[in-house]
Amino acid sequence: MSMPTTELLSHDRKDAEWWRSSVIYQIYPRSFADGNGDGMGDLPGVTGRLKSLADLGVDALWFSPFFTSPQKDAGYDVADYKNIDSRFGTLADFDSLVAKAKTLGLRIIVDLVPNHSSDQHVWFQAALKAAPGSKERARYIFRDGKGANGELPPNNWESVFGGSTWTRITEADGTLGQWYLHIFDTSQPDFNWQNEEVRAEFDSVLRFWLDRGAAGFRIDVAHGMIKADGLPDIIQNSTTMSGQDSPDAVKTEETQEELIRRLQIENPFWGQEGVHEINRRFRSILDEYDDRVMCGEAWVHPLSRMASYVKPGEYHQTFNFGYLETPWNKEKLQDVVTESLNAFGAVGAPSTWVLSNHDVIRHATRMGYDQVPKQGDGIGPKYAQPDEAKGQRRARAASAFMLGLPGGAYIYQGEELGLPEHTTLEDKYREDPTFFRTQGAIKGRDGARVPLPWSGKTTPFGFSTGKPWLPISQSWEELTVENELVDPKSSLQMYRNALELRKEFLVGAGGINWLESTQHGSKRDELLSYSRGTMTVVMNLSDSPQKCEAVGKLVIVSSGTVEARDGKKVIPPRSTGWFLA
Ligand code: GLC
């Protein structure tokens, strides 16, 4: 049985640093709001809508990349780290955004992509022109090929987006030459982080954005920057960002050290020891400033291993992907929460909680499946379609459960509206490199990236005066911000209420107490409940109403109506209630 009480101050304390209990909202700049009518979102579009985010009650905004980029991977292919792509605006637009956000009490977090650049970056272009062994080549990972004429790639690594991680170049003299490494698309060459010049360059990139008023960074592919010495063959290729097809596969009898060592040998480009040195270098730069934070995208399992990224002197937070990947199951949910609080608490860091982002199937859709497609796969028109009503209800219940937990929470734009994934997007619209590199066998992530519906009755619902880069379904008419603001039962209202109550009653309320009668092992297999301070949160995971002993006044119900019966409260199916004593 899990521990009944989790009293870990690292997650929450009244006087704690802001990020320990913050709610951070992810903006996907292409799809938030279009200020200039070209069909793609931009920074002025966001600045014009900042008030709605302040009203939602979030503390900070993390922006997916807006830097100069050929957009081969939607901006995660950066050509100039110190400039804004003209599709999204200018540096002056960034400055206005930061200034306006400040007046509303919102912080701006920038997405740093240090593992790789775009092939259009000046350094990579110089490397292509320079000779093998040159200082220009040494900024990336170039190797001679195998085989009599170097015609075979240097090793067997496969790209996360499909195909080999190696591409052969034509040398300046026109002959076929060396190969370069790219864990992702061909257009995303990996930097050589063993090279001090690369490290020093990123020091200056960090300072550039911190000096401009960024509150910190979300660090892309934080677990991939160092590759095992000698670039040995991989034991089992996987197209997931963790290198493991099943997160459960790591639950073994080994000690933590043995487990980590084994995984580092099995996955020579994920989670190598050397990344911690980079984490510390980044952190020391942030610590030159007041109050700045960094959150690592480190898809490593298990959670105790992820916690090593938030040890003192490293990241402030990491995304809790173990939580995101937890299926709709009471025991697994209780276990992952307890495990997270313990693992992160043991190193003095807060846990984070996240259910959706731009790389995964939106949780309102994911939860409409009993068998969820693998991370990154996406859904296409010919796939089994989700049970939408079930997904919507479960998603709201899951969000209400999440927002009461101690630690930091992440919201992906649109989840507050209950937006589903676009599961029937036609191939002609797809932009995800995964789709192209697998010749369409994997649909990819575009379905999670559809622009937001703001107002009005007809698509594109105020997102743009032009044609949106991905189509917005007319069926989203009820899901606009405008519509949900006037509907007291909407998902948006639930998020707003939850964030307000969280600020008032939960920040500083400490750890959680699992309600004994809903523990696993108890007969109440369908209810999971915890209390924090004066708030009790009860989630009913089942398909039928369930009685519970929660006391206090009902302040939130994610779906349906809570009734009183025999002196007890009846929680509706697939719903979460908050009760204030
Ligand atoms: C991260 C980003 C993802 C991107 C990849 C390569 O996982 O979240 O969108 O494709 O890194 O940069």
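In this convention, every chain numbers its residues from 1, walking through the sequence in written order. Predicted model: local features are reported for residues with pLDDT of at least 70 only, side-chain atom pairs are reported and counted for 80 or more only, and whole-chain, interface and lining totals are derived from all residues. Only hydrogens and water are set aside; all other atoms, that is, all heavy atoms of the structure, feed into the side-chain values.

1. Things to note about the site of the ligand
Keep this limit in mind: Near, as used in this document, describes a residue that has one of its heavy atoms within 4 Å of the molecule or strand being considered. Between N or O atoms, a polar contact is any pair within 3.5 Å; within protein, one atom must be a potential hydrogen donor and the other a potential acceptor, and residues adjacent in sequence are included only when both atoms are from side chains. Areas reported here follow the Shrake-Rupley algorithm with a probe of radius 1.4 Å; residue values treat only the protein chains shown as occluding. For this classification, Asp, Glu, Lys and Arg are treated as charged, while Ala, Val, Leu, Ile, Met, Phe, Trp, Tyr, Cys and Pro are nonpolar and the rest, including Gly, are polar.
With respect to spatial proximity, 15 residues lie near the ligand, and among them Asp73, Asp220, Glu297, His358 and Asp359 are the closest. Contacts to the ligand include aspartate 73, whose side-chain N or O atom sits 2.6 Å from an oxygen atom. Separating an oxygen atom of the ligand from a side-chain N or O atom of arginine 445 is a distance of 3.0 Å. Relative to its unbound accessible area of 310 Å², the ligand is 99% covered by the protein chains. Tallied by class, residues from the shell around the ligand come to 5 nonpolar, 3 polar and 7 charged.

2. Some points on the pairing of strand β16 (residues 527-532)
Inclusion rule: For each residue, the accessible area found with a 1.4 Å probe, counting protein chains only, is set against the maximum for its type, and the residue is called buried under 20%, exposed over 50%, and partly exposed in between. Under the DSSP-based scheme used, a helix requires at least four consecutive residues in state H or I and a strand at least two consecutive residues in state E, with every element numbered from the N terminus. DSSP bridges decide pairing: two strands pair if at least two such bridges lie between them.
Most of β16 sits inside the fold, with 6 of its 6 residues counted as buried. Relative to strand β17 (residues 535-540), β16 runs antiparallel, the two being bridged by 6 bridges. Of the residues in β17, the one forming a bridge with serine 529 is valine 538.

3. Some words on the nonpolar core
Definition in use: To define a nonpolar core, start from buried Ala, Val, Leu, Ile, Met, Phe, Trp, Tyr and Cys residues and group those joined through side-chain atoms within 4.5 Å. Any two residues whose heavy atoms approach within 4.5 Å are treated as being in contact.
Formed by 156 residues in total, the largest nonpolar core has its most connected members in Trp209, Phe282 and Phe401. Other than its neighbours up to four places away in sequence, phenylalanine 282 contacts Leu112, Pro114, Trp193, Phe202, Leu206, Ile219, Met225, Met294 and Tyr315. Grouped together as the second largest cluster of nonpolar side chains are 7 residues, Leu527, Val538, Cys548 and Phe579 included.

4. Points about the environment of aspartate 59
Of note, aspartate 59 is situated in the loop between α2 (50-56) and β3 (60-63). Distance from aspartate 59 to histidine 116, taken between C-alpha atoms, is 29 Å for residues 57 residues apart in sequence. Those residues within four positions of aspartate 59 in sequence are excluded, and the remaining contacts are Ser21, Ser22, Val23, Gly105, Leu106, Arg107 and Lys503. Here valine 23 takes part through its backbone nitrogen, which lies 2.7 Å from a polar atom of the side chain of aspartate 59.

5. A short note on the pattern of salt bridges
Test applied: The working definition used for a salt bridge is a side-chain nitrogen of Lys or Arg within 4 Å of a carboxyl oxygen of Asp or Glu.
In the structure shown here, the tally under the stated rule is 35 salt bridges. With its nearest N and O atoms 3.0 Å apart, the salt bridge here joins arginine 212 to aspartate 95. Remark: aspartate 95 occurs in helix α3 (residues 91-103) and arginine 212 occurs in the loop between α5 (196-211) and β10 (216-219); sequence separation between them is 117 residues. Here the salt bridges do not stand alone but share partners, grouping Asp73, Asp359, Asp432, Arg445 and Arg449 into one network.

6. What to know about the packing of aromatic side chains
Keep this limit in mind: Classification of ring pairs uses Phe, Tyr and Trp, with its six-membered ring standing for Trp, and accepts pairs whose centres are within 6.5 Å; under 30 degrees between planes counts as stacked, over 60 as edge-to-face, and the remaining range as tilted.
This structure, assessed with the given rule, holds 32 aromatic pairs. Ring geometry for phenylalanine 32 versus tryptophan 454: centroids 5.1 Å apart, planes at 80°, classification edge-to-face. Within this pair, whereas phenylalanine 32 is found in the loop between β2 (23-27) and α1 (43-48), its partner tryptophan 454 is found in the loop between α13 (433-437) and α14 (481-485), the two being separated by 422 residues in sequence. An angle of 45° between the planes, with centres 4.9 Å apart, marks the rings of tryptophan 157 and phenylalanine 269 as tilted. Here the residue tryptophan 157 occupies a position in the loop between β7 (142-143) and β8 (166-170), and phenylalanine 269 occupies one in the loop between α6 (256-266) and α7 (275-286), the gap between them amounting to 112 residues. Judged on exposure class, the residue tryptophan 157 and its partner phenylalanine 269 are both buried.

7. A word on helix α10 (residues 330-345)
Structurally, the α-helix is built with 3.6 residues per turn, so residues lying three or four positions apart point the same way. Note the threshold: Expected span of a helix: the number of residues minus one, times 1.5 Å.
The first and last C-alpha atoms of α10 sit 22 Å apart over 16 residues, in line with the 22 Å expected at 1.5 Å per residue. Of the positions making up α10, those classed as buried are Lys330, Leu333, Gln334, Val336, Val337, Thr338, Ser340, Leu341, Ala343, Phe344 and Gly345. The backbone nitrogen of glutamate 331 lies 2.9 Å from a side-chain oxygen of the residue at the head of α10, namely asparagine 329.

8. Let's talk about the environment of methionine 294
Following the sequence through the fold, methionine 294 ends up in strand β11 (residues 293-296). With 20 residues separating them in the primary sequence, methionine 294 and glutamate 314 have C-alpha atoms 8.8 Å apart. Leave out the neighbours within four places in its chain, and methionine 294 touches Phe217, Ile219, Asn279, Phe282, Arg283, Leu286, Glu314, Tyr315, His316 and Gln317.

9. Describing the sheet that holds β3
As summarised here, the arrangement of the 8 strands in space is β12-β11-β10-β6-β3-β2-β14-β13, forming an open sheet in which the pairing is parallel. Single-partner strands in this sheet number two, and they are β12 (317-318) and β13 (352-354). Both β10 and β11 contribute to a ladder of 4 bridges, which runs parallel. By the bridge assignment for β11, isoleucine 219 is matched with glycine 296.

10. Concerning the sheet that holds strand β21 (residues 568-571)
Keep this limit in mind: Axes, fitted as lines to C-alpha atoms, cover a helix only where it is in contact. Angles between the N-to-C directions of the axes lie from 0 to 180 degrees.
Read from one edge of the open sheet, 3 strands run β18-β21-β20, paired in antiparallel fashion. With one partner strand each, in any of the chains shown, β18 (546-548) and β20 (563-565) form the two edges of the open sheet. For this sheet, the mean inter-axis angle between neighbouring strands, taken without regard to orientation, is 40°. Summarising the sheet, β20 and β21 pair through 3 bridges and their orientation is antiparallel. Paired with arginine 565 across the two strands is lysine 568, which belongs to β21.

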